[in-house]
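Coordinate analysis (summary)
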Amino acid sequence: GLVTASGGPTSHAAIMARTLEIPAVMGLGDISKFESGEKAVVKGTDGEVLLHVSDADFEKYAAEAKAYREHLQVLKESAALPAVTKDGKEILLFGNIGKAEDASHACHLGAEGIGLFRTEFLYMKNDELPSEDMQFEVYKKAVGRLGGRPVIIRTMDIGGDKELKCLQLPKEMNPFLGYRAIRISLDRTDIFKTQIRAILRASAFGEAQIMYPMIASVEEIKAANAVVETAKEELRAEGIAFNEDIQIGIMVEIPAVAVAAELFTPHVDFFSIGTNDLCQYTLAVDRMNENIGHLYQPLHPAVLRLIKHTIWASHEAKQITGMCGEMAGDPVATMILLGLGLDEFSMSASAIPVVKNIVRSVTIEECKAVAEKALTMSTATEIVAYAKTVLAEKGL
Ligand code: PEP
Ligand code: MG
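This text gives an overview of the structure that appears in the document. Only a predicted model underlies this, so the values are computations on that prediction, with no experimental measurement involved.

**Considerations on the overall build of the protein**
When you go through the protein residue by residue, the secondary structure sums to 16 helices and 12 strands. Its C-alpha radius of gyration of 21 Å places the protein within 12% of the 21 Å reference for a compact globule of 396 residues. Within the protein, buried positions represent 51% of all 396 residues. Long-range contacts, defined as pairs at least 24 residues apart, comprise 66% of the intrachain contacts of the protein with a sequence gap of at least 6. Where the 40 positive side-chain charges of the protein centre and where its 54 negative ones centre are 2 Å apart.

**Points about the coordination of the magnesium ion (ligand 2)**
In the first shell of the magnesium ion (ligand 2), the protein supplies Glu253 (OE) and Asp277 (OD), at 2.0 to 2.1 Å from the metal. You can see Glu253 sitting in the loop between strand S9 (248-252) and helix H9 (255-259) and its partner Asp277 sitting in helix H11 (residues 275-283), a full 24 residues away along the chain. Relative accessible area serves as the criterion here: at 1%, Glu253 is assigned to the buried category. The exposure class of Asp277 is buried, given its relative accessible area of 2%.

**Side note on the site of ligand 1**
Arg118, Arg154, Gly274, Asn276 and Arg287 are the nearest of the 16 residues found near ligand 1. For ligand 1, an oxygen atom lies 3.3 Å from a polar atom in the backbone of Gly274. Here an oxygen atom of ligand 1 sits 2.8 Å away from a polar atom, N or O, in the main chain of Asn276. For the shell around ligand 1, the secondary-structure elements that each account for two or more residues are strand S6 (114-118) and H11. When residues in the shell around ligand 1 are grouped by element, the largest group, 3 residues, is from H11. Residues of the shell around ligand 1, tallied by class, amount to 3 nonpolar, 5 polar and 8 charged.

**Let's talk about the sheet that holds S9**
The strand order around the closed barrel built from 8 strands is S5-S6-S7-S8-S9-S10-S11-S12, with neighbouring strands paired in parallel fashion. Neighbouring strand axes in the sheet, compared pairwise and without regard to direction, differ in orientation by 30 degrees on average. Sheet strands touched by helix H12 (residues 301-316): S9, strand S10 (270-273) and strand S11 (320-323). Its angle to S11, the strand with the most contacts, is close to 145 degrees.

**A word on a nonpolar patch on the surface**
A cluster of nonpolar side chains, contributed by Leu2, Leu20 and Ile22, occupies part of the molecular surface with about 250 Å² of accessible area. Its place among the elements puts Leu2 in strand S1 (residues 2-3). A residue is classified by how much of its surface remains accessible, and Leu2, at 31% relative accessible area, is partly exposed.

**What to know about the packing of aromatic side chains**
In the structure shown here, the tally under the stated rule is 3 aromatic pairs. Judged by centre distance (5.9 Å) and plane angle (90 degrees), the ring pair of Phe117 and Tyr139 falls under edge-to-face. In this pair, Phe117 is assigned in strand S6 and Tyr139 in helix H5 (residues 132-146), connecting sequence segments 22 residues apart. The cationic tip of Lys39 hangs over the ring face of Phe58; the distance from NZ or CZ to the ring centre is 4.4 Å. Sitting over the ring of Phe205, Lys140 keeps its end group 4.7 Å from the ring centre.

**With respect to unusual backbone geometry**
If a residue is not glycine, its phi is most likely negative; likewise, a peptide bond is most likely trans. Phi at Ala181 takes a positive value of approximately 50 degrees, unusual for a residue other than glycine. Looking at the secondary structure, you find Ala181 in the loop between strand S7 (151-154) and helix H6 (182-187). Ala181 sits in the buried class, given a relative accessible area of 1%. Its identity as a non-glycine residue notwithstanding, Ala284 has a phi of 55 degrees, on the positive side. Inspection of the secondary structure assignment puts Ala284 in the loop between H11 and H12.

**As for the pattern of salt bridges**
Applying the stated criterion to the full structure yields 23 salt bridges. Two residues, Arg18 and Glu326, come together in a salt bridge whose shortest N-O distance is 2.2 Å. With Arg18 in helix H1 (residues 12-19) and Glu326 in the loop between S11 and helix H13 (331-340), this residue pair connects regions lying 308 residues apart in the sequence. Here Arg201 and Asp133 are joined by a salt bridge, their closest N and O atoms 2.9 Å apart. Linking Arg201 in helix H7 (residues 189-202) with Asp133 in helix H5, this pair joins segments that are 68 residues apart in sequence. The partly exposed category is assigned to Asp133, whose relative accessible area is 47%.

**Overview of the pairing of S10**
Judged by which residues are buried, S10 turns out to be covered on both faces: Phe270 and Ser272 on one side and Phe271 and Ile273 on the other are all buried. Sheet topology note: the S9/S10 ladder contains 4 bridges and is parallel. Paired with Gly249 across the two strands is Phe270, which belongs to S10. Pairing of S10 with S11 involves 4 bridges; the strand directions are parallel. In the sheet register, Ser272 faces S11, and the bridge partner there is Gly322.

What counts as what
Residues numbered from 1 in each chain as written. Chains lettered and ligands numbered in written order. Predicted model: local features only at pLDDT ≥ 70, side-chain atom pairs only at ≥ 80, totals over all residues. Heavy atoms only, no water. Helix = DSSP H or I, 4+ residues; strand = E, 2+ residues; numbered from the N terminus. Rg over C-alpha atoms; globule rule 2.2 N^0.38 Å. Buried < 20%, exposed > 50% of the residue type's maximum accessible area, 1.4 Å probe, protein only. Contact = heavy atoms within 4.5 Å. Lys, Arg positive; Asp, Glu negative; His and termini not counted. Charge placed at Lys NZ, Arg CZ, Asp CG, Glu CD. Donors = N, O, S within 2.8 Å, 3.2 Å for Na, K, Ca; no water. Near = heavy atom within 4 Å. Polar contact = N/O pair within 3.5 Å; in protein donor to acceptor, adjacent residues only side chain to side chain. Nonpolar A, V, L, I, M, F, W, Y, C, P; charged D, E, K, R; others polar. Pairing = 2+ DSSP bridges. Axes fitted to C-alpha atoms, helices over the stretch in contact; angles between N-to-C directions. Patch = residues over 30% accessible without salt bridge, like charges linked within 9 Å, V, L, I, M, F, W, Y side chains within 5 Å. Areas by Shrake-Rupley, 256 points an atom, 1.4 Å probe, with all protein chains shown as cover. Salt bridge = Lys/Arg side-chain N within 4 Å of Asp/Glu carboxyl O. Phe/Tyr/Trp six-rings, centres within 6.5 Å; stacked < 30°, edge-to-face > 60°. Lys NZ or Arg CZ within 6 Å of the ring centre and 35° of its normal.

Structure, rendered in structure tokens:
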């Protein structure tokens, strides 16, 4: 188990723990009561840590954990079954990865594509910026493991809670609102073009797609696309193969894009909703701040409305909307998201079996009714309670 004093369930340490299937509870605040060597129960599913547990209770929780693992094992054995609702709608269930090697694990657990390849770890682990060739090998390996199925490679999302040794980033008062992600890429187009060239070269070996993080304006998309065009011209001149029709999408994680989604569809091939950031920006709740963790509510009525509008706009433009924030892997949200029309769910591999089981057990019609009812409610608390009741009634 992993327990931290600071951070929240969408901090990148939590996301990595989820990928590694380590029960984790983040942002406990005061951990001075913990004593070295003391046994504790880490209830990752409920976000609770229990101390001073009697031997009898310890046995009880150990049995609970064993039953949970066995339940997951049964679901994992169905990983290869198609993600189709009972009334026949095919849903794209994809995995989120942070390194190429994770792609196989995601496929093993039922992922039919990679909806988010977080590339910033390539930049974080070395003292030097990763070269084009090094990145190309990594992206090529990832697309190779997917055998022609999509791998959405997100261009570097440095900044926020992700610092970099190889690039001295300024210390900022509000790093999540600051010099981050596409803002750095468009400032340092030398670094950005190197990455784009590597992705384009990998696109000759499989279905690599490009996704820009932290987009707030159409101008940013145009500026980023101009870099892609330059990279394409260079590769053509050098006689290097790439996919001319590579798909380019954006993360919808700044409320401005969700609110005005119909203005962005003409400039992209797809959307992917990044609820981790969308939620913190919509609710003005720092996703890393444990003191306000209870205010971080992905099922807040305002967040649901932004998701609804984003999906509506993309469908109007005959495009698809995915989601790659942690909400996509939260079973409590699955039926609502299906009801809102979400086309693709991308999540930590470990969450796929549970979400796939829900997808396979419901109809779109009933999910629409659940989503509609949820949208009449005025608080996240009511919505969560309602969604949990629906799941429980269905034995899910
Ligand atoms: C998100 O914001 O939802 C997202 C997927 O990106 P990250 O967690 O890497 O910021
Ligand atoms: Mg984000």
